[in-house]
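Fold and geometry: a report
This is what each chain is made of:
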Protein chains: 4
Amino acid sequence: MNTWGNYLRVTTFGESHGPACGAILDGLPAGWPLDNQLLQSYVARRRPGQPLTSARREEDRLEIWSGLWEGRLLGTPLTLAVRNGDTRSQDYRPLAQLFRPGHGDYPWRARYGHCDYRGGGRASARETVARVLAGGVAEQLLAALWPPQRPKLEIAAWVESVGPLALPYSEELWQEHLRHLKREQIDSYPTRCPWPEGQESLVELLNQARAQGDSWGGVVVWVARHLPAGWGEPVFGRLDGLLGGALLSIPGVKGVEMGKGFALAAQRGSQVSEGLIPGPYGPRPRHDWQGGSWGGISNGGLLWGRVAFKPTPSIAQPQESVDLEGQSQELKIEGRHDPCIALRGAVVVEAMIALVLADLALAQRGLRSTKEGLFLLN
Amino acid sequence: MNTWGNYLRVTTFGESHGPACGAILDGLPAGWPLDNQLLQSYVARRRPGQPLTSARREEDRLEIWSGLWEGRLLGTPLTLAVRNGDTRSQDYRPLAQLFRPGHGDYPWRARYGHCDYRGGGRASARETVARVLAGGVAEQLLAALWPPQRPKLEIAAWVESVGPLALPYSEELWQEHLRHLKREQIDSYPTRCPWPEGQESLVELLNQARAQGDSWGGVVVWVARHLPAGWGEPVFGRLDGLLGGALLSIPGVKGVEMGKGFALAAQRGSQVSEGLIPGPYGPRPRHDWQGGSWGGISNGGLLWGRVAFKPTPSIAQPQESVDLEGQSQELKIEGRHDPCIALRGAVVVEAMIALVLADLALAQRGLRSTKEGLFLLN
Amino acid sequence: MNTWGNYLRVTTFGESHGPACGAILDGLPAGWPLDNQLLQSYVARRRPGQPLTSARREEDRLEIWSGLWEGRLLGTPLTLAVRNGDTRSQDYRPLAQLFRPGHGDYPWRARYGHCDYRGGGRASARETVARVLAGGVAEQLLAALWPPQRPKLEIAAWVESVGPLALPYSEELWQEHLRHLKREQIDSYPTRCPWPEGQESLVELLNQARAQGDSWGGVVVWVARHLPAGWGEPVFGRLDGLLGGALLSIPGVKGVEMGKGFALAAQRGSQVSEGLIPGPYGPRPRHDWQGGSWGGISNGGLLWGRVAFKPTPSIAQPQESVDLEGQSQELKIEGRHDPCIALRGAVVVEAMIALVLADLALAQRGLRSTKEGLFLLN
Amino acid sequence: MNTWGNYLRVTTFGESHGPACGAILDGLPAGWPLDNQLLQSYVARRRPGQPLTSARREEDRLEIWSGLWEGRLLGTPLTLAVRNGDTRSQDYRPLAQLFRPGHGDYPWRARYGHCDYRGGGRASARETVARVLAGGVAEQLLAALWPPQRPKLEIAAWVESVGPLALPYSEELWQEHLRHLKREQIDSYPTRCPWPEGQESLVELLNQARAQGDSWGGVVVWVARHLPAGWGEPVFGRLDGLLGGALLSIPGVKGVEMGKGFALAAQRGSQVSEGLIPGPYGPRPRHDWQGGSWGGISNGGLLWGRVAFKPTPSIAQPQESVDLEGQSQELKIEGRHDPCIALRGAVVVEAMIALVLADLALAQRGLRSTKEGLFLLN
């Protein structure tokens, strides 16, 4: 299943060391101008070769193979791609015979038999470049669709913790600072963790892990501001399920929370009642503990949650493994890896949020229901 | 979107106080005997009217409207339903004018305009009876499909905590007891929390909450034992995303973890490397910290995770709210509610796991790939 | 595959002699009043037990199990059903052992193994009652959606020929009479063939076939008037393919034409050029030979075509057949059958046209594209 | 909707004068060797630049961007493309202002607003190269899947008529010659009409049309030999509907018949009863008049039908038209066009048949149903 979405349908393709990675987007409106520069800069944010990330150098220059003409979308499939460049496939040759624990190697072999072991093939996090391409378009579409009288939708994700080092949380800090964070602020930290006091320790922690051939897990917080109430669908289209499923489809993600998530489970109903109060754009909850959805549909409050990334399993220490013949072997991995995937993962989180919301925007558009009846807008 | 699944397609219908709730299952194999008794007893496990649950009395007697003949499936749509009985709709009359915070009332109104406020309508947890009907069939299908030479698939979910009271966790307890828990053992506790020492306190906590018109959140742990390596699909069909999306589509769920989930984010790659070792049914990880999937595909280890249920928002204390005209109002709710939805939610968790796995089973079946070529079976 | 449509999704269920036949409609707008009386009368038009049709008596009384409250749709799944009544299953007992040529008996057995042979089970034309239920809702939805400034959409289908007897066609008759036919005019003929001079011969032909235990094929012509230009989607969503696929999914249909269809293949481009001229509601073709679509999208002209129904294969004459053991046997069928399925088939044709158009209406609704940008409506 | 299929999902992209046209195939089995040479030669058969076709020269050289490694499929999306070369876009410049009747120009403008008028953009028959790429893979897959004990599946399509000149049909000629035609025999005629006596007249007719700037319609007959009984699905997955919908999605197709199609509508049930007789590979009908499906599912007989192509509307004669401002204008078209699209269309017909059958093959594979139970294969 390489297609995602019901109304904005995204089909991704490409292996880590194949010719290209990309996405076809189907269901986009015709006549709408796509800003290529903006999209290029959006994609650049997840590029490897930045400090604190994998040393693999990829230009990730956007190519458009169909769907655009004279700067505007045709309403036909928009094909976006980037070529794969700096592929040191020889690094992976030994892995043809030996499975890396924690990676897709063995399960993919069990599933598919024939596998591309070079850099994980399609199981590589390289695959997420296609999601970011699509997410960038989704974000532009949401901006274009946005009702002009409402404050603009803002999607942002940042790193809350790397391993044991976590941005100290307080309700006050959240209310006054964190929930208002802009993407520019976040990107100004190479760790993507907006924690000035902890910055040095974080960088040291990451560099140390890299030096030791080790890695750290991390937690990402995401927000989507100014979403109106009423987004989401009943039952299998609940916002929580759509967002959670999308986020858990990102490589390395092992947990998601809407709002305070697991912390809610330890509390009383009377403690977490958020209330409902009038607001300038309609009613909204007084508090935002439950992440902005009630009954699976947005409630007019801040949409937000957390995502847990496991430590990348590419570590230099010896690990127990099994070879193609099923025999025990000791494994030691070479290669260029991110010391913590949450840093670049935050960009993928933003992309998936944008895709979920753009799909819903198209799903919910356009029956004008008035006293006189229903009208088809065209 | 009221249809779920790609190969086993489940469409559910029904409002809490409408005539019936049910599901159509499409994609089931023909000629296969459905055990109605077994299905009836499966559904009974989520029935309200048990101690520690809502007092609403529902017989939930299974009706089959199509797809079965002479005790065997026809391969045509299987329509299952239960009628809605004990609907005290008058309890909900005041809610026609006033939104309950934390419930779908206001978001649904924002989304749909016209809503069935009686017991939440389709936003009610009553809707999950249809999922359990479908999950029961999925579980029987998985049993029928299971390779006879493998130990049987076992799906089980139990309550780990209610509010602040949590079954004490230790790696040893997990290894020797919890991960082997059978459904019969779990069901022998009315709390569904397999914690003999804590049972009395849990019951007291629940009864107290009910007496106070309050509620508690809770955490459910689920396991699926003996799943072979190789289940799951690349990218948008990752096991983590499919399971997580399905679980977060359950009313009240606000967090999911695969394996140790968020705890993994605080650790080093070298700490959470599970290793890969030979096993009687093929290689498997030595540890099960990551929940049984690598690269989005099952790795031959235990598949498991956690689900966080928020406290049900139906509480007797006064809450801030807003009426249909957008004016602030104080709200006080009457009605019969579960003091902790995790107790019955555990059964819905099991049903969603069964649905995800049955859909995958049908997706992955049957191309025999040999040295001589691919053969179409049947 | 028992679900049809992408935006208005219809899932049908039921076997000919099972408890009920029906449909779940998902994707309908909330708050819209459904006219049950109108729907009931719509369904009555395909009911058996009319003169010149099968003698099976079915009340086909509409039941609504979900999705409607206080007379208006909830936006949740709308479940519609009729119970199966006059099922003389014993008529079919001998067919358990012997396949009827031309019917689904043998292919279904080859496909499914286990089959419901009573009246064809789900292969029976009884299944089409669910399509007509759904088509009736689709037609009401289209009426509600229709732009008030445009003449109303009118869908009509009539019988053009029964076996060798065909309504004489002339371009003049078409232009002045046929293309304007109303459903009331069509229904005033028990043959649904609007041919006053031929009526007596048609009735005699049908009665004779019935008396002889034989049947006739027939051709149905359908029109959809006042469809604006611009309906349809590129490539796999071409109007021709959507309509043709829908019509060829009706039991007994063995041919479809858009406009003059096969006759176009015998002509020159210069002969069939329809021209494009200004019209009161935008440009439209001068002629309507190609059936109202160019490049797969409606062109503002009359949308129309033909459908060929084969003679029902339920005939009293002895036929060559094969039994369950694969041995040759002579077969003689008892039962109550339509002498020509095109008569009731015309109503199913109308229903499928309505479903295709309603699905497109929902697909194409609601992005307002203005000089200022795209706006999300609602 | 640019994705086709449920199990083998094909997403096509590309405009006539854009950078490339291609397809992503999702759902293919891993480890299976794709024969690139064979695929290249398959695609070459629809290439323009052949005698009697458009003079546009396209090399149509296959590029593979993902999904293949070391000569074998990965089970990941297979991306196939050909670049667009000989695009004389300036020929189409005048069409930016004036709609060509019979082409998609005006309807696409009504639907999408913004259009690529160069060569029809995505409405061009150039789009079908992507279908043929996909169809070629589907055909190889079907061959690989085919049960070795059965005669091989053979799909073939030929031209039966060009305008008024039709290969004379007789039941004897059909039985002894036509139904057995091989693709090599068909391709040996530049007209793809296997009619030696009429060949000269056909060529003259086509050359004359080209010289006059005119075009002819044509009829294509297709067959799929040796399909077992039992392919197809109930109701919305009937073989007739799947095939008919696929064929009517080909540009220029205005009619389809299964078997004798419309001719069946003029006959009695007793005349068209095909009988059912034992055969070497299971029961099959004695005659093949109904096209090989009963009840929507294959019956073990020859699967076949007819497809009507309208004359290409690109003619040099002046035509009535309307410009962008809605004013009447006379139109005269330049450009390089096929005098009869049925010749190359036959290859697209074969490709769509292969896609339908490959999708069904994957849908129906692999539950082994035995007395002991159902088993999941691998």
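Residues numbered from 1 in each chain as written. Chains lettered and ligands numbered in written order. Predicted model: local features only at pLDDT ≥ 70, side-chain atom pairs only at ≥ 80, totals over all residues. Heavy atoms only, no water.

**Considerations on the overall build of chain A**
Regarding its fold elements, chain A presents 10 helices and 18 strands. Taken over C-alpha atoms, the radius of gyration comes to 22 Å for chain A, in line with the 21 Å a tight globule of 378 residues would show. Taken over the C-alpha atoms alone, chain A extends approximately 70 × 50 × 35 Å along its principal axes. Among the 378 residues that make up chain A, the fraction classed as buried is 69%. Restricting the contact set of chain A to residue pairs at least 6 apart, pairs at least 24 apart contribute 72%. (Helix = DSSP H or I, 4+ residues; strand = E, 2+ residues; numbered from the N terminus. Rg over C-alpha atoms; globule rule 2.2 N^0.38 Å. Buried < 20%, exposed > 50% of the residue type's maximum accessible area, 1.4 Å probe, protein only. Contact = heavy atoms within 4.5 Å.)

**Brief notes about the packing of helix α1 (residues 36-44) of chain A against helix α3 (residues 128-145) of chain A**
Geometry of a packed helix pair, given as the angle between the helix axes and the separation of the axes. Residue and element names in this part refer to chain A. Axis separation between α1 and α3 bottoms out at 9 Å; the angle between their running directions is 135 degrees. The orientation of α1 with respect to α3, classified from their angle, is oblique. Crossing handedness for the pair α1 and α3: right-handed. The segment α1 lies against α3, with Leu38, Leu39, Tyr42 and Val43 engaging Val129, Val132, Leu133, Gly135, Gly136, Val137, Glu139 and Gln140. Grouping the amino acids of the contact of α1 with α3 by side-chain chemistry returns 8 nonpolar, 3 polar and 1 charged. (Axes fitted to C-alpha atoms, helices over the stretch in contact; angles between N-to-C directions. Parallel < 35°, antiparallel > 145°, perpendicular 65-115°, else oblique. Left-handed = near helix turned anticlockwise from the far one by under 90°. Nonpolar A, V, L, I, M, F, W, Y, C, P; charged D, E, K, R; others polar.)

**Description of the interface of chain D and chain C**
With 97 residues of chain D in contact, the opposing surface of chain C contributes 97 residues. Together chain D and chain C conceal approximately 7,800 Å² of surface at their shared face, both sides included; 62% is due to carbon and sulfur atoms. By the criterion of area lost to chain C, the three top residues of chain D are Met1, Phe236 and Lys254 of chain D, representing 12% of everything that side buries. Applying the counting rule to chain D against chain C returns 8 salt bridges. Linking chain D to chain C there are 47 residue pairs in polar contact (both at pLDDT 80 or more). Of the residues contributing to the side of chain D that touches chain C, the split by class is 41 nonpolar, 41 polar and 15 charged. Taken together, the 3 bridges between strand β11 (residues 253-258) of chain C and strand β11 (residues 253-258) of chain D define a ladder with antiparallel strand orientation. For Gly255 of chain C, the partnering residue across the bridge sits in β11 of chain D and is Glu257 of chain D. (Buried area = accessible area lost by both parts, 1.4 Å probe. Salt bridge = Lys/Arg side-chain N within 4 Å of Asp/Glu carboxyl O. Polar contact = N/O pair within 3.5 Å; in protein donor to acceptor, adjacent residues only side chain to side chain. Pairing = 2+ DSSP bridges.)

**Points about the sheet that holds strand β9 (residues 165-166) of chain D**
Working definition: the strands of a sheet are paired by backbone hydrogen bonds and lie parallel or antiparallel to each other. Strand order in this open sheet of 10 strands is β9(C)-β8(C)-β10(C)-β14(C)-β11(C)-β11(D)-β16(D)-β10(D)-β8(D)-β9(D), and the pairing throughout is antiparallel. One side of each edge strand has no neighbouring strand; the edge strands of this open sheet are β9 (165-166) of chain C together with β9 of chain D.

**Section: helix α3 (residues 128-145) of chain B**
Here α3 of chain B spans 25 Å end to end across 18 residues, near enough to the 26 Å set by a 1.5 Å rise per residue. In terms of residue burial, α3 of chain B counts as a mostly covered element, since 16 of its 18 residues are buried. (Expected span 1.5 Å × (residues − 1).)

**Overview of the nonpolar core**
Within the largest apolar cluster, 372 residues are counted, with the highest numbers of intra-cluster contacts made by Trp222 of chain A, Trp222 of chain B, Trp222 of chain C together with Trp222 of chain D. Residues within four places of Trp222 of chain D in sequence aside, it is in contact with Ala156, Ala157, Leu243, Leu247, Met258, Leu303, Trp304, Gly305, Arg306, Val307, Val349 and Ile353 of chain D. (Core = buried A, V, L, I, M, F, W, Y, C linked by side-chain atoms within 4.5 Å.)

**A word on the sheet that holds strand β8 (residues 154-162) of chain B**
One open sheet holds the 10 strands; their spatial order is β9(A)-β8(A)-β10(A)-β14(A)-β11(A)-β11(B)-β16(B)-β10(B)-β8(B)-β9(B), and the pairing between them is antiparallel. Each edge of the sheet is formed by a strand with only one pairing partner; in this case those strands are β9 (165-166) of chain A together with β9 (165-166) of chain B. Sheet topology places strand β10 (residues 218-225) of chain B next to strand β16 (residues 303-309) of chain B; 7 bridges connect them, and they run antiparallel. Bridge pairing links Gly218 of chain B to Phe309 of chain B in β16 of chain B. Its contacts with the sheet place helix α7 (residues 239-247) of chain B against β11 (253-258) of chain A together with β10, β11 (253-258) and β16 of chain B, and it is angled at close to 155 degrees to β11 of chain B.

**Topic: unusual backbone geometry**
Residues and elements named next belong to chain B. Phi is positive for His226, close to 75 degrees, though the residue is something other than glycine. Residue classification places His226 among the partly exposed residues on the basis of a relative accessible area of 31%. Positioned with a positive phi, Val235 is a non-glycine residue whose angle comes to about 65 degrees. The topology assignment puts Val235 in the loop between β10 and α7. By relative accessible area, Val235 is classed as buried at 2%.

**A few points about the confidence of the model for chain A**
Here chain A averages 90 in pLDDT, and 92% of its residues register 70 or above. Both scores are available for the predicted complex, with the pTM at 0.95 and the ipTM at 0.95. (pLDDT = per-residue confidence, 0-100.)

**Things to note about the relation of the copies chain B and chain C**
Rotating chain B by 180 degrees about the axis while translating it 0.0 Å along that axis superimposes it on chain C, leaving an RMSD of 0.0 Å. Those values place the two copies in the arrangement expected of a two-fold rotation axis. Of every C-alpha in chain B, the one belonging to Thr11 of chain B sits nearest the axis of rotation, 4.0 Å from it. Interface overlap between copies is the fraction of interface residues in one copy that are interface residues in the other; for chain B against chain C it reaches 100%, indicating a shared surface. (Least-squares fit on C-alpha atoms with pLDDT ≥ 70 in both.)

**Comments concerning the interface of chain B and chain C**
If you look at the interface, chain B gives 37 residues, while chain C gives 37 residues. Here chain B meets chain C over a buried area of about 3,100 Å², counting both sides, of which 62% is carbon and sulfur. Sorting the residues of chain B by area buried against chain C places Trp65, Trp69 and His114 of chain B first, and these three jointly supply 25% of that buried surface. Counting across the interface, chain B meets chain C through 0 salt bridges. On inspection of chain B and its partner chain C, the count reaches 10 residue pairs in polar contact (both at pLDDT 80 or more). Elements represented by at least two residues in the side of chain B that touches chain C include exactly β2 (9-13), β3 (20-26), β4 (63-66), β6 (72-73), β7 (78-83) and α2 (105-112) of chain B. Among the elements that make up the side of chain B that touches chain C, the one with the highest residue count is β2 of chain B (4 residues).

**Focus on the packing of α3 of chain B against helix α9 (residues 342-364) of chain B**
Residue and element names in this part refer to chain B. Across the interface, α3 lies against α9 with an axial gap of 7 Å and an inter-helix angle of 50 degrees. Of the possible angle classes, the one that applies to α3 and α9 is oblique. Handedness of the crossing formed by α3 with α9: left-handed. Of the residues in α9, those touching α3 at Thr128, Arg131, Val132, Ala134, Gly135, Ala138, Glu139, Leu141, Leu142 and Leu145 are Val347, Val348, Ala351, Met352, Ala354, Leu355, Leu357, Ala358, Ala361 and Leu362. Its residues assigned to classes, the contact of α3 with α9 comprises 16 nonpolar, 2 polar and 2 charged.

**With respect to the relation of the copies chain D and chain C**
Relative to chain C, chain D is turned by 180 degrees and slid 0.0 Å along the rotation axis, the superposed coordinates differing by an RMSD of 0.0 Å. A high fraction, 100%, of the interface residues of chain D reappear at the interface in chain C, so the copies pair face to face through one surface.

**Notes on the packing of aromatic side chains**
Residue and element names in this part refer to chain B. In this structure the tally under the stated criterion is 32 aromatic pairs over all chains. Ring geometry for Trp108 versus Tyr112: centroids 5.3 Å apart, planes at 45 degrees, classification tilted. Taken as a pair, Trp108 and Tyr112 lie in helix α2 at a separation of 4 residues, close to a single helical turn. Classification of Trp108 as buried rests on a relative accessible area of 6%. (Phe/Tyr/Trp six-rings, centres within 6.5 Å; stacked < 30°, edge-to-face > 60°.)

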